[in-house]
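# Topology and contacts: notes
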Amino acid sequence: MNITRNNVDALNAVVTVEVSKADYAPQVDKVLKNYLKNASIPGFRKGAVPMSLIQKQYGKAVLLEEVNKVLQENLNNYLASEKLDILGNPLPKINEDFNWDADDYSFEFELGLAPEFTVDLEAKNKITYYKITADDKMLDDQVQRIQKQYGKLISKDTVEEGFDVTGTFTNEENGINNTVTISLDIFKDKKTAKKFIGKKVGDVVTLKTKGLFDDDHKLMDYLKVGHDNVHGLDIEVDFKIEEINATELAELNQELFDKLFGEGNVTSVEQVKEKIKEDAEKQFASQADQKFINDVTSSLLENTKFDLPAEFLKKWIQTVGETPLTAEQAEEEYARSENGLRYQLIEGKVMSQNNLQITFDDLKAYTADVIKKQMAQFGQMNPTDEDVDGIVARVLSNQEEVKRLSEQVMNEKMLGLFKEKVKAKTKEVSYEQFIKEMYGE
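In this text, all values refer to a predicted model and were calculated from it rather than measured experimentally. (Residues numbered from 1 in each chain as written. Predicted model: local features only at pLDDT ≥ 70, side-chain atom pairs only at ≥ 80, totals over all residues. Heavy atoms only, no water.)

## Thoughts on the overall build of the protein
Helix and strand counts for the protein come out as 14 helices and 11 strands. Rg of the C-alpha trace for the protein: 34 Å, well past the compact-globule value of 22 Å for 441 residues, more than 25% over. By its C-alpha atoms, the protein is 100 × 55 × 55 Å across when sized along the principal axes. Counting over 441 residues, the protein shows a buried share of 34%. (Helix = DSSP H or I, 4+ residues; strand = E, 2+ residues; numbered from the N terminus. Rg over C-alpha atoms; globule rule 2.2 N^0.38 Å. Buried < 20%, exposed > 50% of the residue type's maximum accessible area, 1.4 Å probe, protein only.)

Below, the structure written as structure tokens:
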């Protein structure tokens with residue numbers, strides 16, 4: 001067995017594997033002798049079939065299989081020993097003149113090599129880390145929402161100011177059919193709200209979507225319209241009234257506080273707002289973190305320059321699926337997946353440059369934390385270490401769960417690294433301002 005490599009350029013190489021008869025013949029003979037022992041061919045006793053007949057019937061198939069085994073094993077060992085960082089898998093070069101009747105064979109494989117590059121996390125950039133705060137308006141709105149939620153509904157016959165109206169938005173042409181409960185103050189224009197005053201159950205109000213709300217993104221919630229379609233959407237929708245209710249707001253008293261937060265934990269409206277603010281800003285922080293990761297990812301893709309063995313990868317893409325692709329289909333697939341591959345390489349480089357690793361202790365600690373949070377949601381606030389450890393052991397016995405949780409642990413490590421290294425400016429915003437920043441408005 002002899003293996004040599006010719007580097008075509010920095011990103012492409014051809015490996016030649018020379019297989020001699022001595023590399024495969026002993027195993028071929030062994031397999032054929034096993035066939036001989038067990039062959040059942042009419043006209044011959046079991047075990048008495050001539051080897052020439054076995055050779056004629058099975059020899060070529062066994063030869064192909066055993067040569068391929070030797071070839072793949074030695075090629076894989078070579079790639080590992082040479083520490084070659086390849087993309088995709090080796091592609092065999094087709095030899096039209098290949099002769100299986102020879103004793104010695106030569107095979108060529110194309111390799112796509114991973115590019116050499118570095119990632120500079122501390123480079124100048126225009127990334128902003130948003131610190132989202134719950135402002136007074138949001139807190140007041142949340143308190144009132146709680147009062148309405150725990151208040152008493154009173155069914156009404158006719159719509160008046162301050163009432164809630166349940167109904168269905170429809171527009172057949174645009175596939176809109178969504179039932180919601182609204183308060184009339186959601187509309188941007190008071191004239192729109194006035195269209196509802198005096199209406200009864202069964203009445204239909206026709207509205208224009210353009211300028212219907214102070215933020216077009218609310219169309220996504222109320223009409224279930226996709227984000228790509230909400231900007232400047234200018235159609236008419238019908239709202240059929242199905243229910244009209246007034247709400248007698250719940251009193252902000254100790255009975256309500258105990259119901260919301262447990263007996264004696266909160267004793268004033270100010271403390272209610274503090275709790276709401278704390279919970280809301282925890283949720284906001286995870287959204288801000290996700291935007292930060294997305295922005296860092298985009299910046300790294302834009303500013304980390306390296307070439308890929310594009311032609312090799314397109315040929316490889318043609319072969320990897322269950323159904324082979326045409327050159328045109330592979331070209332399209334490569335265009336779709338190129339950025340994903342680039343970020344995969346960048347992420348791997350970031351991990352190696354900064355020695356980011358996941359230990360089993362990391363995985364156990366993270367899983368235990370997730371389990372405790374889940375148990376708390378069901379009222380189990382102080383589970384024993386023994387109970388948690390037992391659940392952790394069961395979870396980590398599932399390889400799919402281990403893979404999923406490992407990805408989450410690495411995401412947290414990457415986020416921590418980005419926060420430490422990336423030179424981002426911090427900007428304090430309300431949630432409403434954050435949404436506008438996120439959608440570039």
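## Regarding the confidence of the model for the protein
Looking at the protein, the pLDDT average stands at 91 and 99% of residues meet or exceed 70. When pLDDT is averaged over each element of the protein, strand S5 (residues 128-133) comes out on top at 96 and helix H6 (residues 227-230) at the bottom at 80. (pLDDT = per-residue confidence, 0-100.)

## A word on the pairing of strand S9 (residues 204-208)
Only one face of S9 is covered, namely the face carrying Val205 and Leu207; the face carrying Val204, Thr206 and Lys208 is uncovered. Inspection of the sheet shows S9 paired to strand S10 (residues 236-248) by five bridges, in the antiparallel sense. Of the residues in S10, the one forming a bridge with Thr206 is Asp238. (Pairing = 2+ DSSP bridges.)

## Points about the nonpolar core
Counting 48 residues, the largest nonpolar core has Leu121, Phe292, Leu300, Ile346 and Phe418 as the members making the most contacts within it. A total of eight residues in this core trace back to one element, the largest contributor, which is helix H8 (residues 269-303). If you look at the next biggest cluster of nonpolar residues, it comprises 28 residues, including Val165, Ala193, Phe196 and Phe213. (Core = buried A, V, L, I, M, F, W, Y, C linked by side-chain atoms within 4.5 Å.)

## Thoughts on a negative patch on the surface
Together, Asp385, Glu386, Asp387 and Asp389 give the surface a local cluster of negative charge. In this structure Asp387 comes out as partly exposed when scored by relative accessible area, which is 44%. (Patch = residues over 30% accessible without salt bridge, like charges linked within 9 Å, V, L, I, M, F, W, Y side chains within 5 Å. Areas by Shrake-Rupley, 256 points an atom, 1.4 Å probe, with all protein chains shown as cover. Salt bridge = Lys/Arg side-chain N within 4 Å of Asp/Glu carboxyl O. Lys, Arg positive; Asp, Glu negative; His and termini not counted. Charge placed at Lys NZ, Arg CZ, Asp CG, Glu CD.)

## Observations concerning the packing of H8 against helix H13 (residues 399-421)
Relative orientation of the contacting elements H8 and H13 amounts to 75 degrees, with a least axis distance of 11 Å. In terms of orientation, H8 and H13 fall into the roughly perpendicular class. Contacts between H8 and H13 involve Asp289, Phe292, Ile293, Val296 and Leu300 on the former and, on the latter, Leu415, Phe418 and Lys419. (Axes fitted to C-alpha atoms, helices over the stretch in contact; angles between N-to-C directions. Parallel < 35°, antiparallel > 145°, perpendicular 65-115°, else oblique. Contact = heavy atoms within 4.5 Å.)

## Some remarks on the sheet that holds strand S4 (residues 105-113)
Taken together, the four strands give an open sheet; going across it, the order is S1-S2-S4-S3, and neighbouring strands pair in antiparallel fashion. Where the open sheet ends on each side, the last strands, each with one partner, are strand S1 (2-7) and strand S3 (86-92). Between one strand axis and the next, the sheet turns by 20 degrees as a mean value, whatever way the strands run. Strand direction decides the pairing type here: S3 and S4, joined by four bridges, are antiparallel.

## Quick look at the packing of helix H10 (residues 327-353) against H13
Between H10 and H13, the shortest axis-to-axis distance is 12 Å and the interhelical angle comes to 75 degrees. Relative to H13, the element H10 lies roughly perpendicular. In this structure, H10 contributes Tyr343, Glu347, Val350 and Met351 to the contact, and H13 contributes Met410, Met414, Leu417 and Phe418. Among the residues making up the contact of H10 with H13, the classes are represented as seven nonpolar, no polar and one charged. (Nonpolar A, V, L, I, M, F, W, Y, C, P; charged D, E, K, R; others polar.)

## Side note on the packing of aromatic side chains
The full count for this structure, using the stated rule, is 18 aromatic pairs. Aromatic pair Tyr35 and Tyr58: ring centres 4.7 Å apart, planes at 75 degrees, arrangement edge-to-face. Here the residue Tyr35 occupies a position in helix H1 (residues 21-38), and Tyr58 occupies one in helix H2 (residues 51-81), the gap between them amounting to 23 residues. The exposure class of Tyr35 is partly exposed, given its relative accessible area of 35%. Aromatic pair Phe98 and Phe107: ring centres 5.2 Å apart, planes at 35 degrees, arrangement tilted. With a relative accessible area of 25%, Phe98 lands in the partly exposed category. Judged by its relative accessible area of 13%, Phe107 falls in the buried class. Three or more aromatic residues joined by ring pairs form one cluster here, namely Phe169, Phe187, Phe196, Phe213, Tyr222 and Phe239. Geometry around Phe306 places Arg342 over its ring, the cationic atom sitting 4.9 Å from the centre. Over the aromatic face of Phe117 sits the side chain of Lys349, whose NZ or CZ is 5.2 Å from the ring centroid. (Phe/Tyr/Trp six-rings, centres within 6.5 Å; stacked < 30°, edge-to-face > 60°. Lys NZ or Arg CZ within 6 Å of the ring centre and 35° of its normal.)

## Structural notes on H8
For H8, which comprises 35 residues, the first-to-last C-alpha distance of 50 Å matches the rise-based estimate of 51 Å (1.5 Å per residue) to within 8%. Three or more residues of H8 are buried, namely Val272, Ile276, Ala280, Phe284, Ala288, Asp289, Lys291, Phe292, Val296, Thr297, Ser299 and Leu300. Residues of H8 that are buried sit in contact with S5, helix H3 (136-149), helix H7 (254-261), H10, H13 and helix H14 (431-438). (Expected span 1.5 Å × (residues − 1).)

## Here's the deal with the environment of Ala134
Relative to the helices and strands, Ala134 is located in the loop between S5 and H3. Linking Ala134 and Lys277, residues 143 residues apart in sequence, is a C-alpha distance of 5.7 Å. The residues contacting Ala134, other than those within four sequence positions of it, are Leu139, Lys277, Ala280, Glu281 and Phe284.

## Remarks on the pattern of salt bridges
For the coordinates displayed, the defined rule picks out 23 salt bridges. As a salt-bridge pair, Glu236 and Lys208 come within 3.6 Å of each other at their nearest N and O atoms. With a gap of 28 residues between them, Glu236 in strand S10 and Lys208 in strand S9 connect regions that are remote in the sequence. Given a relative accessible area of 45%, Glu236 falls into the partly exposed group. When the shortest N-O distance is used, the salt bridge between Glu278 and Lys282 registers 3.8 Å. Remark: Lys282 and Glu278 occur in helix H8; sequence separation between them is four residues, near one turn of the helix.

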